[in-house]
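# Structural description and commentary
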Amino acid sequence: MDATVFLKAIPDPAAPPESFAFDGGCPDTSRVPFVLGPFEENALELGLRIAEGTGGSLRAVAMGGPEQDKSLRTALALGATAAVRVDGPPSWADPVVAARLLSAAADRLGVVEVLVTGRQAGDWDRSVTGALLAGVRGLPYLPRVFDAVAEEGGLRIAQEVAGGTRTGLLATAAVLSVTNAPTTILRMPNVRALILATRRPIDVVEARSLLGEAALRERLVDEGVSARRLGRAGRRVVGEPADVAKALVAELEAQGALPGARP
Amino acid sequence: MVFQLTDEQAAVVELVREFVTREVLPVASRLDRNERPEDCFSWELVEKASAAGLRTLTLDEEYGGSGVDFVTTALAVEELAKGDMGLAVVFAQTWKLAQTLQLAGTAEQRARYLPAYAADPRGLLAITFTEPDTASDYFVPHDGARYATTAVEAEGGWRLNGLKHFISNGNRASLYIVFAQTDVAQSLEHGSTAFLVPRDTPGLSIGRVHDKLGERLANNAEVIFEDVFVPDADVLGEPGQGFRVQQTFFPASNAYAAATVLGVAEAAYDRALAWARQRVQGGKPIIQHDSLASDLAELRMWLDATRLYVLHAAWAGDHPEAWDPMLGALPKVLASEVGWRVLTRAMEVHGGYGYMKETGMEKLLRDAAAFLHSDGVNRTLLLKAAKHLR
Ligand SMILES: Cc1cc2nc3c(=O)[nH]c(=O)nc-3n(C[C@H](O)[C@H](O)[C@H](O)COP(=O)(O)OP(=O)(O)OC[C@H]3O[C@@H](n4cnc5c(N)ncnc54)[C@H](O)[C@@H]3O)c2cc1C
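Quick notes on the rules
- Residues numbered from 1 in each chain as written.
- Chains lettered and ligands numbered in written order.
- Predicted model: local features only at pLDDT ≥ 70, side-chain atom pairs only at ≥ 80, totals over all residues.
- Heavy atoms only, no water.
- Contact = heavy atoms within 4.5 Å.
- Buried area = accessible area lost by both parts, 1.4 Å probe.
- Salt bridge = Lys/Arg side-chain N within 4 Å of Asp/Glu carboxyl O.
- Pairing = 2+ DSSP bridges.
- Helix = DSSP H or I, 4+ residues; strand = E, 2+ residues; numbered from the N terminus.
- Near = heavy atom within 4 Å.
- Polar contact = N/O pair within 3.5 Å; in protein donor to acceptor, adjacent residues only side chain to side chain.
- Areas by Shrake-Rupley, 256 points an atom, 1.4 Å probe, with all protein chains shown as cover.
- Nonpolar A, V, L, I, M, F, W, Y, C, P; charged D, E, K, R; others polar.
- Domains from an automatic or database assignment.
- pLDDT = per-residue confidence, 0-100.
- Axes fitted to C-alpha atoms, helices over the stretch in contact; angles between N-to-C directions.
- Parallel < 35°, antiparallel > 145°, perpendicular 65-115°, else oblique.
- Left-handed = near helix turned anticlockwise from the far one by under 90°.
- Buried < 20%, exposed > 50% of the residue type's maximum accessible area, 1.4 Å probe, protein only.
- Core = buried A, V, L, I, M, F, W, Y, C linked by side-chain atoms within 4.5 Å.

## Notes on the interface of chain B and chain A
In this complex, chain B contributes 20 residues to the contact, which on the side of chain A involves 14 residues. For the pair chain B and chain A, the two sides together bury roughly 1,500 Å², of which 55% comes from carbon and sulfur. Among the residues of chain B in contact with chain A, B:Glu8, B:Leu15 and B:Arg22 are the three that bury the most area, contributing 33% of the side total. Put simply, chain B and chain A have 3 salt bridges between them. Note that A:Arg199 is salt-bridged to B:Glu8, the shortest N-O span being 2.8 Å.

## Notes on the pairing of strand S7 (residues 220–231) of chain B
Residues and elements named next belong to chain B. When strand S3 (residues 157–168) meets S7, the two strands line up antiparallel, connected through 9 bridges. Counterpart to Lys 164 in the pairing with S7 is Val 223. Pairing analysis gives 4 bridges linking strand S6 (residues 204–209) to S7, with the strands arranged antiparallel. If you follow Ser 205 over to S7, its bridge partner there is Ile 224.

## As for the site of the ligand
Residue and element names in this part refer to chain B. Close to the ligand lie 23 residues; Phe 129, Thr 130, Ser 136, Ser 168 and Arg 379 are nearest. Ile 127 has a polar backbone atom sitting 3.0 Å from a nitrogen atom of the ligand. Measuring from a nitrogen atom of the ligand, one finds a side-chain N or O atom of Ser 168 at 2.9 Å. Considered on its own, the ligand offers 970 Å² of accessible surface; in the complex 69% of this is hidden by protein. Every element with two or more residues in the shell around the ligand is listed here: strand S1 (125–128), S3 and helix H14 (378–386). Counted by class, the shell around the ligand contains 10 nonpolar, 10 polar and 3 charged residues. Counting contributing residues per domain, the shell around the ligand is built from domain 2 (126–241) and domain 3 (244–389), each supplying no fewer than three.

## Some thoughts on the domain arrangement of chain B
All names here are of chain B. Considered domain by domain, chain B is made up of domain 1 (7–123), domain 2 (126–241) and domain 3 (244–389). Facing 31 residues of domain 1, the contacting portion of domain 2 comprises 24 residues. Where domain 1 abuts domain 2, roughly 2,300 Å² becomes buried across the two surfaces, and 62% of that area is made up of carbon and sulfur atoms. Measuring nitrogen to oxygen at the nearest pair gives 2.8 Å for the salt bridge that ties Asp 234 to Arg 112. Here domain 1 is connected to domain 2 by 11 residue pairs in polar contact (both at pLDDT 80 or more). Counting residues per element, the ones that place at least two in the side of domain 1 that touches domain 2 are helix H1 (7–33), helix H2 (37–40), helix H3 (43–51), helix H5 (85–104) and helix H6 (107–119). It is H5 that provides the largest number of residues to the side of domain 1 that touches domain 2, a total of 11 residues.

## Re the confidence of the model for chain B
Put simply, chain B has an average pLDDT of 97, and 100% of its residues get 70 or more. With a pTM of 0.91, the predicted complex shows an ipTM of 0.89.

## Topic: the sheet that holds strand S5 (residues 82–87) of chain A
All names here are of chain A. One open sheet holds the 9 strands; their spatial order is S9-S8-S7-S10-S6-S1-S4-S5-S11, and the pairing between them is mixed. Looking at the sheet topology across the chains shown, the edges are occupied by strand S9 (164–170) and strand S11 (203–206). Across the sheet, the mean angle from the axis of one strand to that of its neighbour is 30°, orientation sign disregarded. Here 3 bridges tie strand S1 (residues 3–7) to strand S6 (residues 114–118), and the two strands are oriented parallel to one another. The residue of S6 that forms the bridge with Thr 4 is Leu 115. Most of the contacts of helix H2 (residues 69–78) go to S5, to which it runs at about 165°, and overall it touches S1, strand S4 (58–63) and S5.

## A few points about the packing of helix H9 (residues 253–278) of chain B against helix H11 (residues 330–349) of chain B
Residues and elements named next belong to chain B. H11 packs onto H9 with a crossing angle of 20° between their chain directions and a minimal axis gap of 8 Å. Put simply, H9 runs roughly parallel to H11. Note that H9 runs across H11; the crossing there is left-handed. Facing H9, whose interface residues are Asn 254, Ala 257, Ala 258, Val 261, Val 264, Ala 265, Ala 268, Tyr 269, Ala 272, Trp 275 and Ala 276, H11 presents Leu 330, Pro 331, Lys 332, Ala 335, Ser 336, Gly 339, Val 342, Leu 343, Ala 346 and Val 349. Among the residues making up the contact of H9 with H11, the classes are represented as 17 nonpolar, 3 polar and 1 charged.

## Re the pattern of salt bridges
For the structure shown, the criterion picks out 39 salt bridges over all chains. Residue A:Arg108 pairs with A:Asp203 through a salt bridge whose shortest N-O separation is 3.1 Å. Of the two residues, A:Arg108 is situated in helix H3 (residues 95–108) and A:Asp203 in strand S11; the sequence distance between them amounts to 95 residues. In this structure A:Arg108 comes out as partly exposed when scored by relative accessible area, which is 45%. What makes A:Asp203 partly exposed here is its relative accessible area of 29%. In this structure, a network of salt bridges that share partners links the residues B:Arg17, B:Glu78, B:Glu79, B:Lys82, B:Glu266 and B:Arg307.

## Some details on the nonpolar core
One finds A:Leu44, A:Ile50, A:Leu176, B:Leu80, B:Phe91 and B:Leu296 to be the most contacted residues of the largest nonpolar core, which totals 119 residues. Among the elements that make up this core, the one with the highest residue count is H9(B) (16 residues). Look past the residues within four positions of A:Leu176 in its chain and what remains in contact with it is A:Ile50, A:Val114, A:Leu115, A:Val116, A:Thr117, A:Leu142, A:Val145, A:Ile157 and A:Leu170. Listed in part, the 33 residues of the second largest apolar core include B:Ala98, B:Tyr147, B:Leu175 and B:Met326.

Here it is in structure tokens:
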């Protein structure tokens, strides 16, 4: 099975406070070293295992500036066959736009069967990209995956679910969102492979060449609006997962926070 | 002049840092506390470093290593020493001697020894100069200086007899570079020869493993030669040219020793800084007291200056046209003196906590002391450098 892993490097959470500069707005992270996000480490490990277990290959995709390249090189050193970085999307890009960009970048690298993301980015912790990627590609979305083992007919997937775990056989293309677990601690690359990876080119593709300028500026998910429009702190939706999902979608549509539904 | 790491150097440093975080720090202080010196050494760490390609960092790519240059090696030594000095010594010796074999060995010697070293996940290297009665003498030779270890010509080779001591990796190495007196009528400067001696050579045995104050994750031992036969093919360099081999083919040895103690000093400084930021006395974090903050700034200055000197020496090793023989003696002197100063002051920043084992400062202090002596006593190295002034 060919897998594509989506990697995001984030400002090093262990960086000392003095390496961040604050001028009242967003912190200036230009002096902060970037490291692969913790959940992306798990995603990369699982992606490698899927590729190895199924005799397939792994490709890696990142989005952002050159600070992302180191993570892509780690993936190359560990066995990824190709890496692409989407350069130049605005930092405020809509999450759906980001998912479309990532999806288009994955297509550049070849056939995509299993898409693997971390559970959430280590900086904003929004936990939306995996689900949105699945939406963009029309694929099933499997959250909180902590293991994937190749077996006859597909991949045996293990997931965390409310109150425990479950396993199931995945026989189609899908998006896996990987949670942190002792089973998916990222292996260390070999130093020689890492040195060779620093000499390999990273395919850098301009965001606007993938989607076009206008599409980049689209805002589809209005994240900041719900609490304000609701006029209250929020609403807790309880019940069966399927019912909860429906209720949430209805609520978001009512708030105009989903594509095509402006109040 | 570019004061910036290349992508490759940065990648190596980061990998070593990760190795330290994952594998070294969790076990180093426990290993250090073992009573028997043999129990402080860990084959498991060596094998893990092998798996990560670190053991063969300096081995040329044609043999399956990474073939990094002297600067990158010094950076790796420094980073490893931030985790543990003993382990840094285990590898600094091995990395240095792999480079020496590549520089000084014949094509036939390289073909015979380097693939075997690459293939053995426990393959470590050691070098034996020091003897109980011939020690600083090989740094500042005089007419009467001789190795007591002798090599006498025999059919097709040489017979070695003698005892070396204090040898880093002495009881762990699979291959030794051994310096022995081949012409007793001459001083060691003109009458010694370097030999390659595999561990399993009949007559080679290990004596005492020294019990050390610090740097305990490395073992130092006596290596004994009793009628050890070494074929002519295993002479490193030319017979009688041992001192020249020592002078020519270890350009970065002093820089690596310096980088080792520098790494320990940096670890101590980092801890002192973190401590000063969180320890509150006098109504505020102690770093807010000017005198203490300026103390830390001074330590930073010494560390930065030393680091530049060490990297300059390693760089000059990579660029023979820029080599200055002073760089083969002085960086370790500076680094060990600075290291000692940083350690004692960083300990003081911790107050009484620094003296308690719980903060780990005492281990760093014990470790840093090793390099006041190791790789040449400082006074002797100054004398060695002074020769070039006359
Ligand atoms: C941790 C450690 C690791 C080591 N690893 C190795 C190794 O791997 N291989 C190896 O061969 N050796 C190794 N050594 C040995 C090391 O290089 C020697 O300790 C060093 O060369 C000095 O020898 P010595 O300790 O016998 O001191 P001595 O030579 O006895 O010196 C004692 C004192 O006399 C001074 N002195 C000596 N000669 C003169 C002079 N001419 N003029 C003025 N003062 C002088 C010295 O500066 C010193 O202060 C190691 C030592 C240590 C401590």
